[in-house]
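Per-entry structural report
Residues per chain are reported as follows:
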Amino acid sequence: GPRHDGQIAVFGAKFQEHAASRNIFLVGAGALGCEFLKNLSLMGVCGTSGGGKCTVTDDDIIEKSNLSRQFLFRDKNIGSAKSSTARDAAVGINSDFSCHALQNRVSPETETVFNDAFWESLGVVVNALDNVNARLYVDSRCVYYAKPLLESGTLGTKCNTQMVLPHKTENYGASRDPPEKQAPMCTLHSFPHNIDHCLTWARNEFEGMLEKAPAEANLYLKSPSEYGANAKQAGDAQAREQLERVYESLVTVRCKTYEDCIRWARLRFQENFHNKVAQLTYTFPEDARTSNGALFWSPPKRFPTALNFDRDDATMVGLITAMAHLQAEVYGIEKPSYAFQHSEMARAISEVGVDPFVPKANVKIETDPKATKAAAETSMDDDARIAQLLEQVAAGLADTPMSGNLSPIVFEKDDDTNYHMDVISGLANMRARNYTIEEVDKLQAKLIAGRIVPAIATTTAAATGLVCLELYKVLLNKEKIEDYRNTFCNLALPLFAMAEPVGMKKFTFEHKDQKLEWSLWNRWVIEGDVTMQDVLTWFEERGLTAYSVSAGSSLLYNNIFPKHKERLGTKVSELYTTIAKQTIPDDRRHFDVVVACEDDEGEDLDVPLMSIRFR
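Calculation notes
Residues numbered from 1 in each chain as written. Predicted model: local features only at pLDDT ≥ 70, side-chain atom pairs only at ≥ 80, totals over all residues. Heavy atoms only, no water. UniProt positions renumbered as here; feature names shortened; annotations may be inferred. Helix = DSSP H or I, 4+ residues; strand = E, 2+ residues; numbered from the N terminus. Buried < 20%, exposed > 50% of the residue type's maximum accessible area, 1.4 Å probe, protein only. Arc of directions from axis to C-beta. Contact = heavy atoms within 4.5 Å. Polar contact = N/O pair within 3.5 Å; in protein donor to acceptor, adjacent residues only side chain to side chain. Phe/Tyr/Trp six-rings, centres within 6.5 Å; stacked < 30°, edge-to-face > 60°. Axes fitted to C-alpha atoms, helices over the stretch in contact; angles between N-to-C directions. Parallel < 35°, antiparallel > 145°, perpendicular 65-115°, else oblique. Left-handed = near helix turned anticlockwise from the far one by under 90°. Nonpolar A, V, L, I, M, F, W, Y, C, P; charged D, E, K, R; others polar. Domains from an automatic or database assignment. Buried area = accessible area lost by both parts, 1.4 Å probe. Salt bridge = Lys/Arg side-chain N within 4 Å of Asp/Glu carboxyl O.

Per an unreviewed UniProt entry, the protein chain goes by E1 ubiquitin-activating enzyme and derives from Pycnococcus provasolii. Under the heading Catalytic activity (unreviewed entry), UniProt records this for the protein chain: "ATP + ubiquitin + [E1 ubiquitin-activating enzyme]-L-cysteine = AMP + diphosphate + S-ubiquitinyl-[E1 ubiquitin-activating enzyme]-L-cysteine." Entered under Pathway (unreviewed entry) in the UniProt record, the comment concerning the protein chain runs "Protein modification; protein ubiquitination."

Rendered as structure tokens:
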């Protein structure tokens, strides 16, 4: 008679009772998370009657665009927290489903929320995340606490699932996807031949002038002397590039009025779409030839044409207006009423004086596809240019001091009123017009620049269904790695490739009649509030010589330093708090140190993390 009769017929009543008693942690309540909650509710796991609980966490709120693929949400839920709304919908499906919703991001900053007691209470962790860094962090926690992790992800019609099982398989972080293929730097800077190149350039330009430059300027303003010392010590092209941004933001293009912002945007337009292109065609005329006699401007290269500003061109006026608006936000400048009137902005922009372009001889333009940075605009070496820039910035601020910090702008594609996509689509289309490439509308630009691959509900359902099949095996306590499957599928082909999870790497060490075995899943534990000498003795008893003990970036002990011998009689917990300046939460019974050791032949061994259970 109960709702889970069909499942009980396959697995038995005891299985159903066991499933209802388990604690599951679901990380994420988006597209994957909604499907997982629906499935878990229907499967009868984490039941109130069985004493189990599902904890779901997501720090995001529901937006209208979510409704097309996150089916536990409705129009009335827009603006509400994803986790609690999804929880309510899942409990509505099965009133016995015990689910606790949190709005915390799972990260090092929330380890007081997701503490030892929380992780140790879990039976299974299910990831429903959309970025690699968050997945890696949850993976590291699952390895640390030896908890099964069921991982999945989707990309258009593709999906994959991975089972991470304690003391059986490798972890999620053991393998990485190859990096995405990037267009060569010289193609983006000087030789684009499709709209993707133009949009990538536009995105980089946006981040450089509106996010990185003001952020770098703020670092300088925080402590000019420290910033200068660090730049001189680095003395490389990166430090030079960062200082160029600081000099630009605080001195050469520093804006005090909205009219300054208009002038900055107009001159930026002139530099990007007229001067640089005119210089490029001057250096490499249309009939230029390479050293082997071939035409330089042969496909896929496109010969560009410099653009001239036209006040009657709505795209040009719209781009410069949007750039001026964002520059005003960076400098905290109020926008006047005329800033929102197209005709008035067209008039103001056209009144900005622009110097006629004069080509330069012997300009170095990077043409090597393997180059990773643009050619320097000056022949001055990095050290000299850094010193010069530091002097110029200091002199500029001495004349007109800054009264506050700048406000860097972080690209946000989903807000249609913030002018971000207006700038990026405008920059890309002007670039495309330079090179006779077909222009795109703002929506197409948003999809490409935001690196958006449309989500498909069928793919999400396939991924979560495959994971839940593996969840049955975890709940059934299947011991053999051969019982589990990782899956990659592409619904468009269709392709379904299943394979056993990759086994973990094992390490062994033998000494006399002792044999030590470990893997990434192991932590070695010493009981008691021990001294540093006790730690060294623990390793000696196992035939290993511990020569270094560290916590974070601090060295607690190393046998090459004579003064460190004074620490041998000191408790490690004291060294952990005084030397490493680490704080141990009141609810934590242990702390971790990294021990470097070698065998009796002097060979280094990669040993597990050492936990000292001092409470």
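Cis geometry is adopted by the peptide bond preceding Pro-300, which originates at Pro-299 and carries an omega value of 10°. For the bond running from Leu-493 to Pro-494, omega is -10°, close enough to zero to count as cis. Within the chain, Tyr-419 stands out as a residue other than glycine whose phi angle is a positive 70°. Tracing the backbone through its elements, the reader meets Tyr-419 in the loop between helix 14 (382–399) and helix 15 (420–434). Of the residues examined, Tyr-419 reaches a relative accessible area of 24% and is grouped as partly exposed.

Here the focus is helix 16 (residues 442–449). Within helix 16, burial applies to Ala-445, Lys-446 and Ala-449. Looking straight down helix 16, one finds that the buried residues subtend no more than 105° of arc, so they occupy a single side. Against the buried residues of helix 16 lie helix 8 (195–222) and helix 15. Sitting at the head of helix 16, Asp-441 places a side-chain oxygen 3.2 Å from the backbone nitrogen of Leu-443.

In total, this model carries 28 aromatic pairs according to the counting rule given. Centroid distance Trp-119 to Tyr-145: 5.8 Å. Interplanar angle 5°. Geometry classified as stacked. Taken as a pair, Trp-119 in helix 5 (residues 116–120) and Tyr-145 in helix 6 (residues 132–145) lie far apart in primary sequence, 26 residues in all. No difference in accessibility class separates Trp-119 from Tyr-145, as the two residues are buried.

This brings us to the packing of helix 3 (residues 31–43) against helix 17 (residues 457–475). Geometrically, a packed helix pair is captured by the angle between its two axes and the distance between the axes. Interaxial distance between helix 3 and helix 17 falls to 9 Å at its minimum, and their mutual angle equals 45°. In terms of orientation, helix 3 lies oblique with respect to helix 17. In this structure, helix 3 meets helix 17 at a crossing whose hand is right-handed. Here Ala-31, Leu-32, Glu-35, Phe-36, Asn-39, Leu-40 and Met-43 of helix 3 lie close against helix 17, whose contacting residues are Thr-460, Ala-461, Ala-463, Thr-464, Gly-465, Val-467, Cys-468, Leu-471 and Tyr-472. For the contact of helix 3 with helix 17, a count of residues per class yields eleven nonpolar, four polar and one charged.

For the rest of this paragraph, the subject is the domain arrangement of the protein chain. Taken domain by domain, the protein chain holds domain 1 (4–179 + 454–499), domain 2 (193–436) and domain 3 (506–613). Of note, the centres of domain 1 and domain 3, computed from C-alpha atoms alone, are 36 Å apart. Facing the 17 residues of domain 1 at the interface are eleven residues of domain 3. With both sides pooled, the region where domain 1 packs onto domain 3 buries about 1,100 Å², and carbon together with sulfur makes up 48% of that total. In terms of surface lost to domain 3, no three residues of domain 1 exceed Asp-116, Tyr-144 and His-167, which account for 52% of the buried area on that side. Inspection of the region where domain 1 meets domain 3 yields two salt bridges. Between Glu-120 and Arg-589 there is a salt bridge; the shortest N-O distance is 3.7 Å. The tally of links from domain 1 across to domain 3 stands at six residue pairs in polar contact (both at pLDDT 80 or more). The set of elements that each furnish at least two residues to the side of domain 1 that touches domain 3 consists of helix 5 and helix 6. No other element matches helix 6, which puts four residues into the side of domain 1 that touches domain 3.

So, on to the packing of helix 8 against helix 10 (residues 237–252). Two elements in contact, helix 8 and helix 10, have axes separated by 8 Å at closest approach and are oriented at 90°. Regarding the angle of helix 8 to helix 10, the classification is roughly perpendicular. Of helix 10, the residues touching helix 8 (which contributes Gly-208, Lys-212, Ala-213, Pro-214, Glu-216, Ala-217, Tyr-220 and Leu-221) are Gln-242, Arg-245, Val-246, Ser-249 and Leu-250. Class assignment for the residues of the contact of helix 8 with helix 10 results in seven nonpolar, three polar and three charged.

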